[in-house]
Amino acid sequence: MRKDIHPPYGPVVFRDKAAGYAFLTRSTATSDRTVEWEDGRTYPVIDVEVSSASHPFYTGNARVLDTAGRVERFERRFGKR
């Protein structure tokens, strides 16, 4: 890699507040806010809205759609033919 053209790459904590889950990884993303991690060191923290701990694909908690209700609503709107 060429020197002085890449952003610094270091440890960052990503925190999913919806699931109450945080993980330490390396990234070029930075933040002004910090958090003390389990090892006693302080790392920058980035809050995310969705992670593998809260995404329905990974958790298996998919939303069940009310297809019968949708069909009934459609028939009320446009009538049966």
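Quick note: structure is the one above.
Notes on the structure follow. (Residues numbered from 1 in each chain as written. Predicted model: local features only at pLDDT ≥ 70, side-chain atom pairs only at ≥ 80, totals over all residues. Heavy atoms only, no water.)

### Side note on the sheet that holds strand E4 (residues 42-48)
Put simply, the rule reads: One bridge is not enough; two strands pair if DSSP finds at least two bridges between them. Here a strand is any run of E in DSSP of at least two residues, a helix any run of H or I of at least four, and the numbering for each starts at the N terminus. Axis definition: a line fitted to C-alpha atoms, over the contacting stretch in the case of helices. Angles run 0 to 180 degrees between N-to-C directions.
Across the sheet, which stays open at both edges, the 4 strands sit in the order E2-E1-E4-E3 with mixed pairing between neighbours. Looking at which strands have only one partner, the edges of the open sheet turn out to be strand E2 (21-27) and strand E3 (34-36). Taken over all neighbouring pairs, the strand axes of this sheet differ in orientation by 45° on average, direction set aside. With 7 bridges connecting them, strand E1 (residues 10-16) and E2 associate as antiparallel partners. For Val13, the partnering residue across the bridge sits in E2 and is Leu24.

### Points about the pattern of salt bridges
Put simply, the rule is: Here, a salt bridge means any side-chain nitrogen of Lys or Arg that lies within 4 Å of a carboxyl oxygen of Asp or Glu. Each residue is placed in one exposure class: buried if its accessible area under a 1.4 Å probe, protein chains only, is under 20% of its type's maximum, exposed if it is over 50%, and partly exposed if it falls in between.
The full count for this structure, using the stated rule, is 2 salt bridges. The partner of Asp47 in a salt bridge is Arg15, with the nearest N and O atoms 2.8 Å apart. Here Asp47, found in strand E4, pairs with Arg15, found in strand E1; they are 32 residues apart in sequence, far enough to count as distant. A relative accessible area of 27% means that Asp47 is categorised as partly exposed.

### Some details on the environment of Ser31
How we decide: The criterion used for residue contact is that any of the two residues' heavy atoms lie within 4.5 Å. Any N or O atom pair separated by 3.5 Å or less is treated as a polar contact, with the protein-specific requirement of one donor-capable and one acceptor-capable atom, and with residues adjacent in sequence counted only for side-chain atom pairs.
Counting through the fold element by element, Ser31 comes out in the loop between E2 and E3. Separated by 14 residues in the primary sequence, Ser31 and Val45 have C-alpha atoms spaced 6.3 Å apart. Other than its neighbours up to four places away in sequence, Ser31 contacts Pro44, Val45 and Ile46. Polar contacts involving the side chain of Ser31 include one to the main-chain carbonyl oxygen of Val45, which spans 2.9 Å.

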